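In case you want the letters, here they are:
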Number of protein chains: 2
Amino acid sequence: MKIERAIDLKSLQRGIDQDSEAQLSSVKSILNQVKEQGDAALFELTEKFDGVQLKELQVSPEEIRQAYEEIDDEMVEIIKEAARNIEEYHVQQKKQSWFFTRQDGTLLGQKITPLDSVGVYVPGGTAAYPSSVLMGVTPAKVAGVERIVLISPPDKNGKLPAGVLVAANESGVAEIYKSGGAQAIGALAYGTETIQNVDKIVGPGNLYVALAKREVFGTVDIDMIAGPSEIAVLADQTANPSYIAADLLSQAEHDPRSAAVLVTTSEVLAEQVAEEVDKQLQTLPRREIAGEAVRNYGAIYLVDNLKDGIHLINEIAPEHLEVMTESPMELLGQIKHAGAIFLGPNSSEPVGDYFAGSNHVLPTSGTARFSSPLNVDDFTKKSSVIMYSETAIKDNAKKIAAFARLEGLEAHARAVEKRLGETEHE
Amino acid sequence: MKIERAIDLKSLQRGIDQDSEAQLSSVKSILNQVKEQGDAALFELTEKFDGVQLKELQVSPEEIRQAYEEIDDEMVEIIKEAARNIEEYHVQQKKQSWFFTRQDGTLLGQKITPLDSVGVYVPGGTAAYPSSVLMGVTPAKVAGVERIVLISPPDKNGKLPAGVLVAANESGVAEIYKSGGAQAIGALAYGTETIQNVDKIVGPGNLYVALAKREVFGTVDIDMIAGPSEIAVLADQTANPSYIAADLLSQAEHDPRSAAVLVTTSEVLAEQVAEEVDKQLQTLPRREIAGEAVRNYGAIYLVDNLKDGIHLINEIAPEHLEVMTESPMELLGQIKHAGAIFLGPNSSEPVGDYFAGSNHVLPTSGTARFSSPLNVDDFTKKSSVIMYSETAIKDNAKKIAAFARLEGLEAHARAVEKRLGETEHE
């Protein structure tokens with residue numbers, strides 16, 4: 001890993017793939033096919049892309065029972081404990097409806113209502129992600145969403161990974177379907193004979209999934225478009241280089257386009273981390289992926305002081321930030337832009353991926369400037385509540401009418417003046 | 001206005017214009033021009049589309065002073081009172097950062113941070129919308145956004161409407177620019193020599209503005225894509241037909257594609273409202289627009305009982321809902337999908353457009369199923385905070401590592417195991 005004094009954040013930027021125009025047209029055609037042909041399209045496209053002829057789209061209770069047999073009991077207990085931790089965190093995010101009143105009889109409020117239905121997409125492919133199930137489903141369940149649907153691509157045998165099924169069952173999902181890619185997003189957005197459409201689709205996926213989510217946005221709501229994972233570590237001379245190297249590599253192993261950045265005030269630490277990364281990399285099973293990520297999107301930046309370091313971190317707005325300095329909590333107030341902030345030497349990033357309780361669906365590619373981790377608010381919506389009394393409208397109708405006329409909207413003015421019993425326009 | 005017993009909600013649906021493909025390519029080219037040429041593009045496009053050669057993009061203090069001279073003092077006081085009401089409502093939406101701790105030394109939290117910078121687009125054209133200024137700026141200000149920029153298309157004399165400038169000044173905007181359409185959105189998203197780019201763009205606009213916002217989404221955040229206005233009224237035999245007709249027309253006058261729907265249990269009321277709409281329509285200055293809206297997207301639906309009525313309202317998920325029944329507050333719990341809910345005979349919809357305090361930027365076209373009124377949360381973002389103690393990591397590292405290995409992510413497992421002092425992989 002290289003140590004750099006000239007800071008060039010542009011080199012860390014990873015846009016959407018160059019091929020996306022061609023892929024977009026493919027995604028549009030898949031979405032149309034699902035819209036027009038429903039289930040038939042899902043069966044056909046699953047055979048084409050996942051190489052399996054499905055008999056049923058929905059996972060059966062028998063398949064869920066089998067999944068528990070495949071996973072050892074200790075692992076089931078770990079999944080259950082993680083689910084409890086995740087629920088404990090997300091319960092804190094729940095909001096109440098509220099109102100306030102004015103002396104003139106006005107009541108104004110905000111009503112919080114859970115969404116009716118949500119679809120959680122869980123990626124398949126080479127790895128299975130039961131943790132993504134917990135992270136997508138739990139905030140929806142805590143929000144009070146009545147219908148939570150899970151969808152994920154099947155393997156060559158037409159099955160979903162046992163861990164995914166166990167996590168789905170533990171988090172209380174009642175409907176699980178086998179379908180992946182753009183076709184799964186189409187099914188959730190438009191509905192098919194078997195799969196009723198939902199109001200919102202969440203969960204990460206490959207480029208096809210991301211493009212499909214963007215296409216159906218408006219018909220349904222979506223969460224963010226997830227890019228490759230990122231980690232930034234802010235550290236001073238007190239930090240453990242071996243911890244930092246391990247944590248950087250934990251994100252680098254996700255994807256050759258993952259970014260792993262150390263920002264440090266210590267040249268000694270910088271050199272030690274660079275060495276440690278190279279050393280730890282050699283024995284990693286996914287060393288090719290992690291190595292490519294570190295070469296292309298890895299960097300160690302030396303800064304003069306922590307203030308400059310934090311400025312740089314805020315510029316990067318990383319998905320994951322670890323702070324390993326003498327007094328990490330004291331720096332929290334200065335950190336403006338980061339999806340998740342891990343404080344101190346023991347808060348290794350994977351703690352948040354699996355177990356602590358916070359969500360691991362986080363804003364990437366600098367969108368932490370304006371986006372949030374997946375949370376309970378994402379599964380509710382607000383309605384304003386307005387009740388004017390007779391006194392309130394009589395006191396204010398003329399003012400409201402004047403404002404409406406300033407905007408040239410006479411019917412607005414007359415609507416409030418009607419409440420004064422005025423009839424000059426009739 | 002027609003009374004219908006067969007309920008066909010599809011006839012109320014208004015998609016995006018058929019021309020949008022051609023307009024999209026025009027929008028893309030405008031955005032590129034702004035990205036490449038900056039200010040020069042803004043001057044050129046403003047001359048082309050708004051018919052005026054600007055000298056400066058930014059509104060001067062002198063122009064703001066002149067605006068106050070153009071608006072009478074009473075109107076300024078009304079704008080100030082509306083601004084205070086809007087602030088009072090939005091202050092209630094402000095959220096605190098929070099944390100909780102576990103006995104093992106774990107601290108988990110959620111940090112709320114305002115966005116750094118926001119751009120508020122205010123439409124121009126035939127009407128001026130000072131109220132949109134208050135509604136876009138106030139929640140950003142309450143959220144704590146440091147830099148709030150306002151942008152709006154100039155008239156043929158190169159000026160912005162006096163009401164817009166007064167509202168902007170009263171709500172504390174320091175930067176106001178003259179530019180409209182897709183070019184204004186491009187300037188906010190990419191920045192120019194004069195206009196520094198922002199992190200989020202809010203505010204309604206025409207189709208070009210909507211398409212441009214959708215294009216730049218990802219580079220910056222946006223609020224919702226606003227469609228034509230809608231009002232639905234749920235009423236029983238106790239309601240005043242003249243009030244209902246006036247309120248329906250207040251939304252119909254916005255746009256020929258506005259929707260105005262009455263859902264009622266009373267056939268007598270239905271007939272009276274139908275008559276009243278026709279009568280009141282005749283003397284409206286904007287009767288052509290309102291008339292077309294009522295003919296194309298107006299409907300009176302008769303239902304057997306209020307339960308069916310509420311079911312229908314939830315299907316429509318209207319932007320504005322008025323409830324004029326004997327006990328409107330008792331129905332609030334059953335209303336799931338509506339942007340703003342106006343209760344009782346005195347809560348005429350324009351009350352919410354201008355004055356009561358709630359936001360008038362609301363989800364349209366059925367998106368109230370999953371979207372919210374513009375609010376303070378839209379101008380903040382959350383960061384998760386995770387601090388594990390030595391005890392917490394030692395107690396849980398093996399469990400976390402097992403979960404990571406279940407997902408095939410060995411570097412994740414090793415990162416947490418590093419904290420156990422294990423070195424077997426080195």
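Everything quoted here is computed from the prediction, not taken from an experiment.

**Some details on the overall build of chain A**
Looking only at helices and strands, chain A has 16 helices and 14 strands in total. With the C-alpha coordinates of chain A rotated into their principal frame, the extents come out at 85 × 60 × 45 Å. Across the 426 residues of chain A, 63% fall into the buried class. Put simply, of all contacts in chain A between residues at least 6 apart along the chain, 74% involve residues at least 24 apart.

**Observations concerning the sheet that holds strand β3 (residues 107–114) of chain B**
Taking strand neighbours across the sheet as the criterion, the nine strands line up as β1(A)-β11(A)-β10(A)-β9(A)-β12(A)-β13(A)-β14(B)-β3(B)-β2(B) in an open arrangement whose pairing is mixed. On the outer flanks of this sheet lie β1 (3–4) of chain A together with β2 (98–101) of chain B, each paired with one strand and no other. Of the strand pairs in this sheet, strand β10 (residues 259–264) of chain A and strand β11 (residues 298–302) of chain A are connected by five bridges, and their pairing is parallel. What sits directly across from A:A260, in β11(A), is A:G298. Relative to the sheet, helix α9 (residues 241–252) of chain A contacts β9 (230–235), β10 and β12 (320–324) of chain A, its axis offset from that of β9(A) by approximately 165°. Against the sheet, helix α12 (residues 306–316) of chain A contacts β9, β10, β11 and β12 of chain A, and its axis sits at roughly 170° relative to β9(A).

**Topic: the packing of aromatic side chains**
Within this structure, the stated rule accounts for nine aromatic pairs over all chains. Ring geometry for A:Y89 versus B:W98: centroids 5.2 Å apart, planes at 50°, classification tilted. Placement of A:Y89 in helix α4 (residues 73–91) and of B:W98 in strand β2 is noted, with the two residues assigned to different chains. A:Y89 sits in the buried class, given a relative accessible area of 1%. Put simply, the rings of A:Y89, B:W98 and B:F100 touch in pairs and so form one group of aromatic residues. Over the ring of A:Y190 we find A:K35; its NZ or CZ atom is 4.8 Å from the centre of that ring.

**Concerning the packing of helix α4 (residues 73–91) of chain B against helix α5 (residues 130–143) of chain B**
Residues and elements named next belong to chain B. Two numbers describe how α4 lies on α5: the axes approach to 9 Å, and their chain directions differ by 45°. With respect to α5, the element α4 is oriented oblique. Regarding α4 and α5, the two cross each other, and that crossing is right-handed. Judged by residue contacts, I79, A82, A83, I86, E87, H90 and V91 of α4 engage L134, M135, T138, P139, K141 and V142 from α5. Partitioning the contact of α4 with α5 into residue classes produces nine nonpolar, two polar and two charged.

**Digging into the relation of the copies chain B and chain A**
Expressed as a screw operation, the relation of chain B to chain A combines 0.0 Å of axial shift with a rotation of 180°, fitting to an RMSD of 0.0 Å. Both copies are brought into coincidence by an operation consistent with a two-fold rotation axis. Residue by residue, 100% of the interface of chain B is reproduced at the interface of chain A, so both copies engage with the same surface.

**Digging into the UniProt feature "active site" (unreviewed entry) in chain A**
Residue and element names in this part refer to chain A. Mapped onto the present numbering, the UniProt feature "active site" (unreviewed entry) falls on E319 and H320. Following the sequence through the fold, E319 ends up in the loop between α12 and β12. Look at E319 and you get buried, because its relative accessible area is 7%. Ignoring sequence-local partners within four residues, the contact set of E319 consists of P228, S229, E230, A338, G339, A340, H360, L362, P363 and T364. Only 3.1 Å separates the side chain of E319 from the side chain of S229, close enough to count as a polar contact. By the secondary structure assignment, H320 is in strand β12. Excluding anything up to four places from it in sequence, H320 contacts S229, E230, I231, A232, Q251, A340, F342, E349, D353 and L362. Looking at H320, its side chain comes within polar contact range of the main-chain oxygen of E230, at 2.8 Å.

**Comments concerning α4(A)**
Under the 1.5 Å per step criterion, the end-to-end length of α4(A) is 27 Å for 19 residues, consistent within 8% with the ideal 27 Å. Of the positions making up α4(A), those classed as buried are A:M75, A:V76, A:I78, A:I79, A:A82, A:A83, A:N85, A:I86, A:Y89 and A:H90.

**Here's the deal with the environment of A:E81**
Along the chain, A:E81 falls in helix α4. On a C-alpha basis, the gap between A:E81 and A:G357 in space is 9.8 Å, while along the polypeptide they are 276 residues apart. Here A:E81 is in contact with A:F355, B:N396 and B:K399, once residues within four sequence places are set aside. Of note is the side chain of A:E81, whose polar atom sits 3.0 Å from the side chain of B:K399.

**Regarding the packing of α9(A) against helix α16 (residues 410–418) of chain B**
Between α9(A) and α16(B), the least distance of the axes is 8 Å, while the angle of their chain directions is 160°. One way to sum up the angle between α9(A) and α16(B) is to call them roughly antiparallel. Every pair of crossing elements has a handedness; the one defined by α9(A) and α16(B) is left-handed. Here A:S242, A:Y243, A:A246, A:D247, A:L249, A:S250 and A:Q251 of α9(A) come into contact with α16(B), specifically with B:A411, B:H412, B:A415 and B:K418.

**Quick word on the interface of chain B and chain A**
Taken together, the contacts link 118 residues of chain B with 118 residues of chain A. The contact between chain B and chain A buries some 10,400 Å² in all, and 59% of this surface belongs to carbon and sulfur atoms. For the pair chain B and chain A, the interface holds 14 salt bridges. Between B:K399 and A:E81 there is a salt bridge; the shortest N-O distance is 3.0 Å. Here the element with the most residues in the side of chain B that touches chain A is helix α15 (residues 390–406) of chain B; it accounts for nine residues. A per-class count over the side of chain B that touches chain A returns 56 nonpolar, 34 polar and 28 charged. Sheet topology places strand β13 (residues 340–343) of chain A next to strand β14 (residues 380–387) of chain B; three bridges connect them, and they run parallel. Within β14(B), the residue paired with A:F342 across the bridge is B:I386.

**Let's talk about the domain arrangement of chain A**
Residue and element names in this part refer to chain A. Split into domains, chain A comes out as domain 1 (38–222), domain 2 (227–370) and domain 3 (388–418). In this structure, domain 1 and domain 3 have C-alpha centres spaced 46 Å apart. On the domain 3 side, the residues contacting the four residues of domain 1 number five residues. Surface buried jointly by domain 1 and domain 3 totals about 310 Å² across both partners, of which 48% is contributed by carbon and sulfur atoms.

**Some points on the UniProt feature "binding site: substrate" (unreviewed entry) in chain A**
UniProt tags A:S229, A:Q251, A:H254, A:H320, A:D353, A:E407 and A:H412 as "binding site: substrate" (unreviewed entry). What stands out for the annotated residues spanning 184 residues is how far apart their C-alpha atoms range, the widest pair being 55.9 Å apart. Its relative accessible area of 0% is what places A:Q251 among the buried residues. The contacts of A:Q251, once residues within four sequence positions are left out, are A:S229, A:E230, A:I231, A:S258, A:H320, A:E349, A:D353 and B:H412.

**Details of the side chain of A:D236**
The residue A:D236 is located in the loop between β9 and α9 in this model. It is B:R419 that comes nearest to the buried, bridge-free A:D236 among opposite-charge side chains, at 13 Å. Contact partners of A:D236, with chain neighbours within four places excluded, come to A:T264, A:T265, A:S266, A:L269, A:M324, A:T325 and A:E326.

Definitions and cut-offs
- The residue count restarts for each chain, going from 1 along the sequence in the order it is written.
- Think of it this way: whatever chain is written first is A, whatever ligand is written first is 1, and the rest follow in order.
- Only residues with pLDDT of at least 70 get local features here, since the model is predicted, and only at 80 or more are side-chain atom pairs given and counted; chain-wide, interface and lining totals rely on the full set of residues.
- Note: side-chain values were computed over all heavy atoms of the structure, leaving out hydrogens and water.
- Only runs of H or I of at least four residues qualify as helices and only runs of E of at least two qualify as strands under DSSP, and these elements are numbered from the N terminus.
- Exposure categories follow from relative accessible area, calculated using a 1.4 Å probe and restricted to protein chains: below 20% of the type maximum is buried, above 50% is exposed, and the middle band is partly exposed.
- Contact definition: two residues touch when any of their heavy atoms are within 4.5 Å.
- Pairing between strands is defined by DSSP: at least two bridges between them are needed.
- Note on geometry: axes are lines fitted to C-alpha atoms, helical ones only across the stretch in contact, with angles between N-to-C directions running from 0 to 180 degrees.
- Pairing of aromatic side chains here covers Phe, Tyr and the six-membered ring of Trp, requires ring centres within 6.5 Å, and sorts the geometry by plane angle: under 30 degrees stacked, over 60 edge-to-face, intermediate tilted.
- A positively charged side chain is recorded as over a ring if its NZ (Lys) or CZ (Arg) lies within 6 Å of the ring centre. The angle to the ring normal must also be within 35 degrees.
- Under this scheme an angle from 65 to 115 degrees is roughly perpendicular, one under 35 degrees roughly parallel, and one over 145 degrees roughly antiparallel; angles in between are oblique.
- Note on convention: the crossing is left-handed when the near helix lies turned anticlockwise from the far helix by less than a right angle, right-handed when the turn is clockwise.
- Throughout this entry, Asp, Glu, Lys and Arg are counted as charged residues, while Ala, Val, Leu, Ile, Met, Phe, Trp, Tyr, Cys and Pro are counted as nonpolar. The remaining residues, Gly among them, count as polar.
- Here the copies are superposed with least squares, the fitted atoms being C-alpha atoms of residues at a pLDDT of at least 70 in both.
- UniProt positions are given in the numbering used here, feature names are shortened, and annotations may be inferred rather than shown by experiment.
- Pairs of N or O atoms are called polar contacts if they sit within 3.5 Å, as long as, within protein, a hydrogen donor faces a hydrogen acceptor (for residues adjacent in sequence, only side-chain-to-side-chain pairs).
- Multiplying 1.5 Å by the helix residue count minus one yields the expected span of that helix.
- Joining two parts hides part of their accessible area as seen by a 1.4 Å probe, and the buried area is that hidden amount summed over both.
- Salt bridges are identified by distance alone: a Lys or Arg side-chain nitrogen within 4 Å of an Asp or Glu carboxyl oxygen.
- Segmentation into domains, and thus their bounds, comes from an automatic or database assignment.
- In this tally Asp and Glu are treated as negative and Lys and Arg as positive; neither His nor the chain ends contributes.

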